Amino acid sequence: MFTTTWTAPSNIAFIKYWGKKGPQLPANPSLSMSLQECVTKTQLEVTEHDEFTVEVLFNEKPSEVLTKKLFDYIKSIPDLDISKKKFKITTSNTFPHGTGIASSASGMAALALCLAEYHKSLSASEFDIEFFKEASSWARLGSGSACRSVFGGFNTWGECGESDRSDLFATPLSVHPSFKKLKDSILVIDDQEKKVSSTAGHGEMKNHLFSAARFESAKKHFSRMVSALKSGDMEEVGTLLEKEALELHGMMMTSPHPYILLKPNTLAAIELVQDFRIQTKIPLFFTLDAGPNLHLIYLDTHTSKVETFIQHELLPLAKKVIHDVCGEGPRKC
Ligand code: DP6
């Protein structure tokens with residue numbers, strides 16, 4: 001019998017992956033920050049069995065939906081020895097269900113790390129960069145953004161003209177020391193399941209009037225974001241964060257089948273954030289993923305003033321806030 005347990009973080013995209021090509025490859029390079037508090041913990045047990053079988057316990061309860069999804073996922077991984085094996089997966093998130101935080105990135109990353117270790121244990125057992133690259137490319141097959149969650153700190157995914165950056169797996173990016181403890185306070189404005197999944201949203205980019213312009217813009221934002229993260233330019237990072245968030249939602253609103261995921265309180269909170277920035281000169285910026293919840297990004301040196309602002313001005317517009325920070329990445333338990 002083989003058994004292992006990994007935790008993996010959720011991540012917030014600074015440059016958004018939005019649109020796919022080929023077998024789960026990104027139409028443009030993306031860049032994200034891994035979180036510290038919002039993580040998935042997954043245990044994998046592999047035992048001999050009559051036939052390939054998958055059993056999933058999510059929050060200690062059997063999940064039929066996940067069992068089917070992960071059966072197909074594990075089967076799709078090349079080179080993995082699955083014949084006559086039972087894969088028992090026991091998984092849970094540190095962030096409560098209904099926070100609007102997608103668990104697919106952390107969930108698929110934690111599982112991919114377990115599977116990559118199972119695969120390696122047949123030959124070697126070292127957790128070197130090749131191990132994490134393999135785990136990243138397997139996580140990608142489950143959910144694109146998950147490939148960036150097998151590392152801590154900042155990570156890129158997608159070709160961008162640099163030889164060490166690939167469409168197949170994510171690559172860590174070293175950044176200016178002032179960003180090592182960058183904060184992300186997640187303002188949960190709405191916790192309902194969204195009406196259009198990200199996977200469907202990516203599909204809309206295939207026949208989108210503005211897709212070519214978006215992919216060009218993302219590429220330009222990507223190289224500017226890399227430079228700003230390396231030089232410590234928070235104003236530039238923040239400007240790009242907000243542009244990316246609004247372009248992403250602009251794409252949704254102008255899709256062949258248009259849709260809106262923003263809520264009135266999302267816009268109200270955005271106005272308050274921008275007013276706060278002008279009045280206090282504190283570089284507080286927002287970003288969004290494919291949902292209505294605001295990710296508030298700021299330097300840790302401004303924590304006390306920003307948390308007070310969130311508590312008094314923004315929380316009345318929201319269900320709750322989760323204060324998170326740039327994280328160290330996955331951990332083998
Ligand atoms: C807006 O990775 O969830 O969060 O590959 O179909 O599973 P699939 O999509 P997913 O898309 C993430 C979209 C995003 C931007 C990002 O994380 O880069």
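Above this text you will find the structure in question.
This is a predicted model, so every value here is computed, not measured.

Trainee: What exactly am I supposed to notice about the pairing of strand 11 (residues 285-288) here?
Mentor: Within a regular strand, the side chains alternate between the two sheet faces. Going residue by residue along strand 11, you find F285 and T287 tucked away on one face and F286 and L288 tucked away on the opposite face as well. In this sheet, strand 12 (residues 294-298) lies alongside strand 11 in antiparallel orientation, the contact comprising four bridges. Bridge pairing links L288 to L294 in strand 12. Between strand 11 and strand 12, which pair antiparallel in sequence order, lie five residues.

Trainee: I would appreciate a short explanation of the packing of aromatic side chains in the present structure.
Mentor: For any pair of aromatic rings, geometry is given as the distance between the ring centres together with the angle between the planes. Following the criterion strictly, the structure yields 13 aromatic pairs and no others. On the numbers, 5.7 Å between centres and 80° between planes, the contact of F14 with F154 is edge-to-face. Taken together, the residues span a long stretch of sequence, with F14 in strand 1 (residues 2-15) and F154 in strand 8 (residues 154-157) at a distance of 140 residues. As far as the burial class goes, F14 and F154 line up, both buried. By the ring-pair criterion, three or more aromatic residues cluster together here, those being F2, F52, F71, F87 and Y118.

Trainee: What am I meant to see in the site of the ligand here?
Mentor: By nearness alone, 16 residues border the ligand, and Y17, K20, S143, G144 and S145 come closest of all. Side-chain polar atom of S143 to an oxygen atom of the ligand: 2.7 Å apart, as the coordinates give it. Here the ligand, which alone exposes 460 Å², has 91% of that area covered by the protein. Residue contributions to the shell around the ligand peak at three residues, all from helix 4 (residues 198-204).

Trainee: When you look at the nonpolar core in this model, what are you seeing that I'm missing?
Mentor: Side chains of a nonpolar character, in soluble globular proteins, are inclined to be buried together. Counting 38 residues, the largest nonpolar core has L44, Y73, I74, F87 and L115 as the members making the most contacts within it. Contributing elements (two or more residues each) for this core: strand 1, strand 4 (30-48), strand 5 (53-58), helix 1 (64-76), strand 7 (85-93), helix 2 (104-121) and helix 3 (129-142). With ten residues, the top contributor of residues to this core is helix 2. Among all residues touching Y73, those that are not within four sequence positions of it are M108, L111, A112, L115, W138, A139, L141 and G142. One finds F154, L182, F222 and L241 within the second-largest nonpolar core, a separate group that totals 30 residues.

Trainee: Sorry, what's going on with unusual backbone geometry here?
Mentor: Note: most peptide bonds trans; most residues except glycine with negative phi. With phi around 70°, D79 is a residue other than glycine that occupies positive phi space. For D79, the location among the structural elements is in the loop between helix 1 and strand 7. Residue D79 is classed as exposed on the basis of its relative accessible area, which comes to 67%. Although it is not a glycine, K281 sits at a positive phi angle of roughly 60°. Tracing the backbone through its elements, the reader meets K281 in the loop between helix 7 (264-280) and strand 11.

Trainee: Teacher, can you tell me more about helix 2 here?
Mentor: A turn of α-helix holds 3.6 residues, and therefore any two residues three or four places apart point the same way. An ideal rise of 1.5 Å per residue puts 26 Å on 18 residues; helix 2 measures up with 25 Å between its terminal C-alpha atoms. Where burial is concerned, most of helix 2 is hidden: 16 out of the 18 residues are buried.

Trainee: I would appreciate a short explanation of the environment of M205 in the present structure.
Mentor: Here M205 is to be found in the loop between helix 4 and helix 5 (211-231). For M205, a relative accessible area of 3% corresponds to the buried category. When the C-alpha atoms of M205 and R148 are compared, they prove to be 21 Å apart, with 57 residues separating the residues in sequence. Leaving out residues up to four positions away in the same chain, M205 has contacts with W18, G19, S211, R214, F215 and M251.

Trainee: When you look at the packing of helix 7 against helix 8 (residues 303-314) in this model, what are you seeing that I'm missing?
Mentor: A pair of packed helices is captured by two measures, namely the crossing angle of their axes and the spacing between those axes. Running from N to C, helix 7 and helix 8 cross one another at 140°; their axes reach a closest spacing of 11 Å. The angle between helix 7 and helix 8 falls in the class oblique. Crossing angle aside, the handedness with which helix 7 passes helix 8 is right-handed. When helix 7 is examined against helix 8, the residues A269, L272, V273 and F276 are found in contact with a partner set consisting of K305, V306, F309, E313 and L314.

Trainee: I keep staring at the sheet that holds strand 12 and nothing clicks. Help me out?
Mentor: In any sheet, the strands associate via hydrogen bonds between backbone groups, in a parallel or an antiparallel arrangement. One open sheet accounts for four strands, arranged 11-12-10-13; its pairing is antiparallel. Whereas interior strands pair on both sides, the edge strands pair on one side only; in this sheet they are strand 11 and strand 13 (320-325). Averaged over all adjacent pairs, the angle separating strand axes in this sheet is 25°, with direction ignored. Where strand 10 (residues 183-188) lies against strand 12, five bridges are found, and the strand directions are antiparallel. Within strand 12, the position partnered with K183 by the bridge is Y298.

Trainee: I tried to follow the packing of helix 2 against helix 3 on my own but got confused; where do I start?
Mentor: It is at 8 Å that the axes of helix 2 and helix 3 come closest, and there the two elements cross at 130°. Here helix 2 is positioned oblique relative to helix 3, judged by the angle of their axes. You can see that helix 2 and helix 3 cross each other, and the crossing is right-handed. Contacts from M108, A109, A112, L113, L115, A116, E117, H119 and K120 of helix 2 reach helix 3 at E130, F131, F132, E134, A135, W138, A139 and G142. Its residues assigned to classes, the contact of helix 2 with helix 3 comprises eleven nonpolar, two polar and four charged.

The rules behind these values
- Residues numbered from 1 in each chain as written.
- Predicted model: local features only at pLDDT ≥ 70, side-chain atom pairs only at ≥ 80, totals over all residues.
- Heavy atoms only, no water.
- Buried < 20%, exposed > 50% of the residue type's maximum accessible area, 1.4 Å probe, protein only.
- Helix = DSSP H or I, 4+ residues; strand = E, 2+ residues; numbered from the N terminus.
- Pairing = 2+ DSSP bridges.
- Phe/Tyr/Trp six-rings, centres within 6.5 Å; stacked < 30°, edge-to-face > 60°.
- Near = heavy atom within 4 Å.
- Polar contact = N/O pair within 3.5 Å; in protein donor to acceptor, adjacent residues only side chain to side chain.
- Areas by Shrake-Rupley, 256 points an atom, 1.4 Å probe, with all protein chains shown as cover.
- Core = buried A, V, L, I, M, F, W, Y, C linked by side-chain atoms within 4.5 Å.
- Contact = heavy atoms within 4.5 Å.
- Expected span 1.5 Å × (residues − 1).
- Axes fitted to C-alpha atoms, helices over the stretch in contact; angles between N-to-C directions.
- Parallel < 35°, antiparallel > 145°, perpendicular 65-115°, else oblique.
- Left-handed = near helix turned anticlockwise from the far one by under 90°.
- Nonpolar A, V, L, I, M, F, W, Y, C, P; charged D, E, K, R; others polar.

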